Amino acid sequence: QVQLVESGGGSVQAGGSLRLSCEVSGRTFGSRAMGWFRQAPGKEREFVSGITWTGGRTYYEDSVKGRFTISRDNAKNTVYLQMNSLKPEDTAVYYCALTYSLSVVRGPYDYWGQGTQVTVSS
């Protein structure tokens, strides 16, 4: 099985920064990419960013382009999401996930972390 553990969430003022980490363990051979998703109160879960393991190709939802940066350390089986210039509308539970699919944005994603809360105050 695959296990994903997020860390780095917390509370920050608008304009501040946070870095989320997702450590992956288990049988991940053949997986294509990692993604970050978020779910805010009253909203559906949405794709935030993704990165392929092999080529490091990145994908971003439009609202976070220029503010968020996804990266990975293959040796550590860890994916990061650097979030800068945070806005109150970024407040959500953030989840990391792993997919074997060719579609990084759509998935399906096969394994999910437990989520970490990000709260941005004005």
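Placed above this text is the structure.
The structure reproduced in this document is the subject of the present report.

Criteria and cut-off values
- Just so you know, the residues in each chain are numbered from 1, in the order the chain's sequence is written.
- Per-residue local features of the predicted model are confined to residues with pLDDT of at least 70, and side-chain atom pairs are confined, for both listing and counting, to 80 or more; whole-chain, interface and lining totals are unaffected and use all residues.
- Side-chain measures here rest on the full set of heavy atoms in the structure, leaving out hydrogens and waters.
- Each residue is assigned to one of three classes by its accessible area relative to the maximum for its type, calculated with a 1.4 Å probe on protein chains only: buried under 20%, partly exposed between the two thresholds, exposed over 50%.
- Every helix listed is a DSSP run of H or I at least four residues long, and every strand listed is a run of E at least two residues long, numbered separately from the N terminus.
- The pairing criterion for strands is at least two bridges between them, as found by DSSP.
- Centres within 6.5 Å are what make two rings of Phe, Tyr or Trp a pair, Trp counting through its six-membered ring; a difference in plane orientation under 30 degrees is then read as stacked, over 60 as edge-to-face, and the rest as tilted.
- Put simply, a charge is over a ring when the Lys NZ or the Arg CZ is close to the ring centre, within 6 Å, and near the line of the ring normal, within 35 degrees.

Moving residue by residue along a regular strand, the side chains alternate between the two faces of the sheet. Across the 7 residues of strand 4 (residues 33-39), 6 count as buried, placing the element largely inside the fold. Pairing between strand 4 and strand 5 (residues 46-52): 6 bridges, direction antiparallel. Paired with A33 across the bridge in strand 5 is T52. From the end of strand 4 to the start of strand 5, which pair antiparallel, there are 6 residues, and G42 there has a positive phi angle of about 75°.

Turning to the packing of aromatic side chains, a few remarks are in order. All told, the structure shown has 4 aromatic pairs when counted by the stated rule. An angle of 80° between the planes, with centres 4.9 Å apart, marks the rings of F37 and Y109 as edge-to-face. In this pair, F37 sits in strand 4 while Y109 sits in the loop between strand 9 (92-99) and strand 10 (111-112), placing the two residues 72 residues apart along the sequence. Among the residues examined, Y109 registers a relative accessible area of 11% and is labelled buried. Residues Y109 and W112 carry aromatic rings whose centres are separated by 6.0 Å and whose planes lie at 55° to one another, so their mutual orientation is tilted. Following the ring pairs from residue to residue traces out a cluster consisting of F37, F47, Y109 and W112. One cation-aromatic arrangement involves R45 over F37; the distance from NZ or CZ to the ring centre is 5.8 Å. Above the ring of W112, the side-chain terminus of R45 is found at 4.0 Å from the ring centroid.

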